[in-house]
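Structure at a glance
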Amino acid sequence: KAKVAIFISGRGSNMAALLYASQLPEAAYEVVLVAANDPSADGLQLAAAEGVHTFALSHQGMPRADHEAAMEKAARQAGADYIILAGYMRILTDRFVKRWQERMLNIHPSLLPKYPGLDTHQRAIDAGDSHGGVSVHLVTPDLDAGEVLGQMKVAIREGETAESLAERVRYAEHQLYPRILGDYVSRESDPSFLLERVRKLALALPQTH
Ligand code: GAR
């Protein structure tokens, strides 16, 4: 099974969805750590109650690179192969992102490429969109711009507020994230994926003739 560390900043409802999905028969991943940049994040308590290792370190007063290095160390010590951002509200340095390239996923509450950044629901409502939604994507140095692995649309109703939309988008998130993560980590045992990886590596080798 793939080992994942989940980074959170608050409520942790996506973390909970990922955690309980990992307890289904034939789940493709297990959660080895839940880490937060806020020691009072609600999700930490839940993870601990479910017997998952937790780590918390406030980012306040710390250089960004030092804080993320401590988070990364905790993930590595827990044996994580993947870092899963679930409502993690800190921007990571390019160097960190590159170290985890293709091994770090994020969930974002909009139909990317629409509305990267913050206030996604209000922006969708203000634009008169028929739908908001959620995207799971690979993390790259450009904010919310990595390859989209999966999306789900959520209808915007008459009189919708950002809060009411956010709540329904969360229901969609809880379905989408475990599914996409499971499929993503499973690709590693797919022969055509492995072949493609070998091909890419061969192309990247320096030519000797
Ligand atoms: C989720 O809706 C997630 O999409 C969003 O924060 C919420 C966290 O909720 N993420 C972002 O806005 C990332 N920029 P949760 O703590 O209950 O999972």
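Residues numbered from 1 in each chain as written. Predicted model: local features only at pLDDT ≥ 70, side-chain atom pairs only at ≥ 80, totals over all residues. Heavy atoms only, no water.

1. Some points on the pattern of salt bridges
A side chain with one charge may pair with a side chain of the opposite charge, provided their charged atoms come close. All chains considered together, the criterion is met by 7 salt bridges. A salt bridge links arginine 99 to glutamate 72, with the nearest nitrogen and oxygen atoms 2.7 Å apart. Here arginine 99, found in helix H4 (residues 94-99), pairs with glutamate 72, found in helix H3 (residues 64-77); they are 27 residues apart in sequence, far enough to count as distant. On the accessibility criterion, glutamate 72 (7% relative accessible area) is buried. With its nearest N and O atoms 3.1 Å apart, the salt bridge here joins arginine 199 to glutamate 196. (Salt bridge = Lys/Arg side-chain N within 4 Å of Asp/Glu carboxyl O. Helix = DSSP H or I, 4+ residues; strand = E, 2+ residues; numbered from the N terminus. Buried < 20%, exposed > 50% of the residue type's maximum accessible area, 1.4 Å probe, protein only.)

2. What about the UniProt feature "binding site: N(1)-(5-phospho-beta-D-ribosyl)glycinamide" (unreviewed entry) in the chain?
Within this structure's numbering, the places UniProt gives as "binding site: N(1)-(5-phospho-beta-D-ribosyl)glycinamide" (unreviewed entry) are Gly12, Ser13 and Asn14. On the secondary structure map, glycine 12 appears in the loop between strand S1 (2-8) and helix H1 (13-21). Owing to a relative accessible area of 10%, glycine 12 belongs among the buried residues under this scheme. When you line up the elements, asparagine 14 lands in helix H1. Ignoring sequence-local partners within four residues, the contact set of asparagine 14 consists of Ala86, Ile107, Glu173, His174 and Tyr177. (UniProt positions renumbered as here; feature names shortened; annotations may be inferred. Contact = heavy atoms within 4.5 Å.)

3. Some remarks on the UniProt feature "site: Raises pKa of active site His" (unreviewed entry) in the chain
The feature "site: Raises pKa of active site His" (unreviewed entry), as given by UniProt, occupies Asp144 in the numbering adopted here. Residues within four places of aspartate 144 in sequence aside, it is in contact with Asn106, His108, Leu112, Pro116, Gly117 and His137. Side-chain polar atoms of aspartate 144 contact the backbone nitrogen of glycine 117, separated by 2.9 Å. (Polar contact = N/O pair within 3.5 Å; in protein donor to acceptor, adjacent residues only side chain to side chain.)

4. Some remarks on the sheet that holds strand S4 (residues 82-85)
The 7 strands lie next to each other as S3-S2-S1-S4-S5-S6-S7, forming an open sheet whose pairing is mixed. A strand with exactly one partner marks an edge of an open sheet, and here the two such strands are strand S3 (54-56) and strand S7 (148-155). For this sheet, the mean inter-axis angle between neighbouring strands, taken without regard to orientation, is 20°. In this structure, strand S6 (residues 131-138) lies alongside S7, joined through 7 bridges in antiparallel fashion. Looking at S7, one finds that valine 136 is bridged to glycine 150. (Pairing = 2+ DSSP bridges. Axes fitted to C-alpha atoms, helices over the stretch in contact; angles between N-to-C directions.)

5. Quick word on the nonpolar core
In this structure, Ile6, Tyr29, Val34 and Ile84 are the most contacted members of the largest nonpolar core, which totals 37 residues. Every element with two or more residues in this core is listed here: S1, H1, strand S2 (29-36), helix H2 (42-49), S4, strand S5 (104-108), S6 and helix H6 (162-186). The next biggest cluster of nonpolar side chains, apart from the first, holds 18 residues, and it includes Leu33, Ile83, Leu85 and Val97. (Core = buried A, V, L, I, M, F, W, Y, C linked by side-chain atoms within 4.5 Å.)

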